[in-house]
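Here's the letter readout for the chains.
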Amino acid sequence: MLSRRVGEIIDSITLSGLTATGFHGVFPEERRDGQPFVVDVTMSLSVDTDSDSLATTVNYAEIAAAVEEIITGEPVNLVETVAGRIAQRCLEHPLVEGVSVTVHKPQAPLPQAFDDVAVTIHRSTHVQRTD
């Protein structure tokens, strides 16, 4: 069973719909032609609402730049790998305690009509197990 510390307040900062062209996929045409990837990131942290200082929170512009760098960077086969790299980068920020990352691949190479293909992962730095 997972548990949190009693009285802990967790807030979140969310970036939705961050879009960039990447060259991820298992098919040669995906690696050659690229396609849009759309990312949603929700970071869990305790937000200091009294300081009014960027130094006491997560600079979402920096997170957006990191996400874009990963999308446009080294190609990988799986969207799951892209999501994992984004989550890892977000968790490198000392205030981020958890993150949910959804990577959308709206032009995935499927013969069926569809609106979206997406992978969502959840990662945390402070998960305690109680048995």
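See the structure printed just above.
For the structure given in this document, a descriptive report is provided here. For clarity, every value in this text was computed on a predicted model and none was experimentally measured. (Residues numbered from 1 in each chain as written. Predicted model: local features only at pLDDT ≥ 70, side-chain atom pairs only at ≥ 80, totals over all residues. Heavy atoms only, no water.)

Looking at the pairing of strand S3 (residues 35-45)
How we decide: Residue exposure (1.4 Å probe, protein chains only): buried if accessible area is under 20% of the type maximum, exposed if over 50%, otherwise partly exposed. Elements are defined by DSSP. Helices are runs of H or I of four residues or more, strands are runs of E of two residues or more, and each kind is numbered from the N terminus. Paired strands, in this sense, are two strands between which DSSP finds at least two bridges.
When you tally the buried positions in S3, you get eight out of eleven residues, the bulk of the element. Summarising the sheet, strand S2 (residues 11-22) and S3 pair through ten bridges and their orientation is antiparallel. Directly across from Ala-20, in S3, lies its bridge partner Phe-37. One ladder, built from seven bridges, connects S3 with strand S4 (residues 98-104); its direction is antiparallel. Directly across from Thr-42, in S4, lies its bridge partner Ser-100.

Focus: the sheet that holds S3
Counted only if it meets this: Here the axes come from fitting lines to C-alpha atoms, over the contacting stretch only for helices, and the angles between their N-to-C directions go from 0 to 180 degrees. Residue contacts are counted whenever heavy atoms from the two residues lie within 4.5 Å of one another.
Ordered in space as S2-S3-S4-S5, the four strands form an open sheet in which the pairing is antiparallel. A strand with exactly one partner marks an edge of an open sheet, and here the two such strands are S2 and strand S5 (118-124). In this sheet, neighbouring strand axes are inclined to one another by 15° on average, regardless of whether the strands run parallel or antiparallel. Helix H2 (residues 60-72) contacts S2 and S3 of the sheet and is inclined by roughly 35° relative to S2.

Digging into helix H3 (residues 79-91)
Selection rule: For a helix, the expected span equals 1.5 Å multiplied by the residue count minus one. Summarising the geometry, the arc corresponds to the directions from the helix axis toward the C-beta atoms.
For H3, spanning 13 residues, the distance from its first C-alpha to its last is 18 Å, which sits close to the expected 18 Å at 1.5 Å a residue. Within H3 the residues assigned to the buried category are Val-79, Val-82, Ala-83, Ile-86, Ala-87 and Cys-90. The buried residues of H3 occupy an angular sector of 130° when projected down its axis, which confines them to one face.

So, the nonpolar core
This is how it is decided: By nonpolar core we mean a set of buried residues, namely Ala, Val, Leu, Ile, Met, Phe, Trp, Tyr and Cys, connected to one another through side-chain atoms within 4.5 Å.
Core analysis: the largest hydrophobic core is formed by 28 residues, its most contacted members being Val-39, Val-41, Met-43, Val-67, Ile-86, Val-101 and Val-103. At six residues, the largest contribution of residues to this core is made by H3. Among residues more than four places away in sequence, those in contact with Val-101 are Val-39, Asp-40, Val-41, Ala-83, Ile-86, Ala-87, Val-119, Thr-120 and Ile-121.

All quantities given are derived from atomic positions and should not be read as evidence of function.
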